[in-house]
Amino acid sequence: MKRIGLFTLAIAALLAASCSFGDFYDDIVGGRSSYYNANGRKYMMNIADNLVTDVLDELELALEIDRHGTPSSAHFEINGSLTTAGSAWRVKAQDDILCGMTLRCDASNSWTMTFKGEYVFEPYNYYPTEFTLTAQPIDSTTATDYPSGAEGWFVSIEGKREERGGYRCTFGTQAPRRLAYINTRGADAQGWNQMAGNLYMTVYKENQAIDACCLVFEGSPSQATFIRGL
């Protein structure tokens, strides 16, 4: 079978649902965006957004709670200030999509989130997913290529996900490379409207790698370039 055929078969198996979930109308990531069609680009967009943005939402919520000095939370298991190196919180809300995820402060302005459990890409499409994600804040002093007031996150991620029929994938940013999630629309705007960096994915059938691909971000999220057969 030709390589393109193998890749098509792998992605078809990786994506459990064949129904549509709507086009990518808003040119931002964040807020549980939805994508349609069973192909590699849409699958990788589910990693870049929603998985990464779900994690960033949890981190921002935790930091907001920490800033208010709240001693306890129905959402998080709190262990010291999340701005103190070595301190770790855990998502304990049972109805949260990332229940069980640990958030750890590594150093000043650096956090690592780890997760192992069932994670949903699309409604009811839960599969075993594991990842480690490190985030550092971006502000107007570090986001020199963006307008004054831009803010967001530098993200490094490595992870893996199982799917049906013996298929699975690994994904990540291939350290020391990072993804940048940038908001240039002001502090009150939700999500991130600019992205930069590469996200990589390798597709496996059982223990054999059958294809690899990359999603390249160079500005507006919807304009990301999908490259396969690396």
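Shown above is the structure to which this text applies.
These lines cover the structure that appears in this document, whether it is placed above or below.

## Some thoughts on the overall build of the chain
Of regular secondary structure, the chain possesses two helices and eleven strands. Ordered by position in the sequence, the α and β elements of the chain form the string α-α-β-β-β-β-β-β-β-β-β-β-β. Classification of the 230 residues of the chain by burial places 46% in the buried group. Once local pairs closer than 6 in sequence are excluded, the contacts in the chain between residues at least 24 apart make up 49%. Of the roughly 11,100 Å² of accessible surface on the chain, 49% is carried by carbon and sulfur atoms.

## As for the pattern of salt bridges
Scanning the model with the defined rule gives five salt bridges in all. The closest approach of N and O atoms between Glu64 and Arg67, which form a salt bridge, is 2.8 Å. Taken together, the residues span about one helical turn, with Glu64 and Arg67 both in helix 2 (residues 40-67) at a distance of three residues. Given a relative accessible area of 61%, Arg67 falls into the exposed group. We note a salt bridge from Arg161 to Glu163, for which the minimum N-O separation is 3.0 Å.

## Some details on the side chain of Gln136
You can see Gln136 is positioned in strand 5 (residues 126-138). When neighbours within four sequence positions are excluded, Gln136 is seen to be in contact with Asn109, Ser110, Gly152, Trp153, Phe154 and Arg178.

## So, the packing of aromatic side chains
For the structure shown, the criterion picks out six aromatic pairs. Seen in terms of ring centroids, Tyr43 and Phe121 are 5.1 Å apart; in terms of plane orientation they differ by 70°. Their pairing is edge-to-face. In this pair, Tyr43 is assigned in helix 2 and Phe121 in the loop between strand 4 (110-120) and strand 5, connecting sequence segments 78 residues apart. Taken individually, Tyr43 and Phe121 each receive the classification buried, so the pair is uniform in this respect. A ring pair is formed by Trp111 and Trp153, whose centres lie 6.1 Å apart and whose planes are at 75°; its orientation type is edge-to-face. Taken as a pair, Trp111 in strand 4 and Trp153 in strand 6 (residues 151-162) lie far apart in primary sequence, 42 residues in all. An aromatic cluster is defined as three or more aromatic residues linked by ring pairs; in this entry it consists of Tyr43, Tyr119 and Phe121.

## Some points on the layout of surface pockets
Which parts of space are left empty comes out when a probe the size of a water molecule is rolled across the atoms. When its volume is computed, the second largest pocket comes out at roughly 190 Å³. Around the second largest pocket, the lining residues are Glu60, Leu63, Glu64, Arg67, Thr83, Asn109, Trp111, Pro137 and Trp153. A per-element tally of the lining of the second largest pocket places helix 2 first, with four residues. A per-class count over the lining of the second largest pocket returns four nonpolar, two polar and three charged.

Here is what the cut-offs are and how they apply
- Residues numbered from 1 in each chain as written.
- Predicted model: local features only at pLDDT ≥ 70, side-chain atom pairs only at ≥ 80, totals over all residues.
- Heavy atoms only, no water.
- Helix = DSSP H or I, 4+ residues; strand = E, 2+ residues; numbered from the N terminus.
- Buried < 20%, exposed > 50% of the residue type's maximum accessible area, 1.4 Å probe, protein only.
- Contact = heavy atoms within 4.5 Å.
- Areas by Shrake-Rupley, 256 points an atom, 1.4 Å probe, with all protein chains shown as cover.
- Salt bridge = Lys/Arg side-chain N within 4 Å of Asp/Glu carboxyl O.
- Phe/Tyr/Trp six-rings, centres within 6.5 Å; stacked < 30°, edge-to-face > 60°.
- 1 Å grid on protein atoms, 1.4 Å probe; cavity = no way out; pocket = protein on both sides within 12 Å on 5 of 7 lines; lining within 4 Å.
- Points joined across faces, edges and corners; volume = space filled by probe spheres on them.
- Nonpolar A, V, L, I, M, F, W, Y, C, P; charged D, E, K, R; others polar.

The values reported here are purely geometric and, on their own, carry no functional implication.
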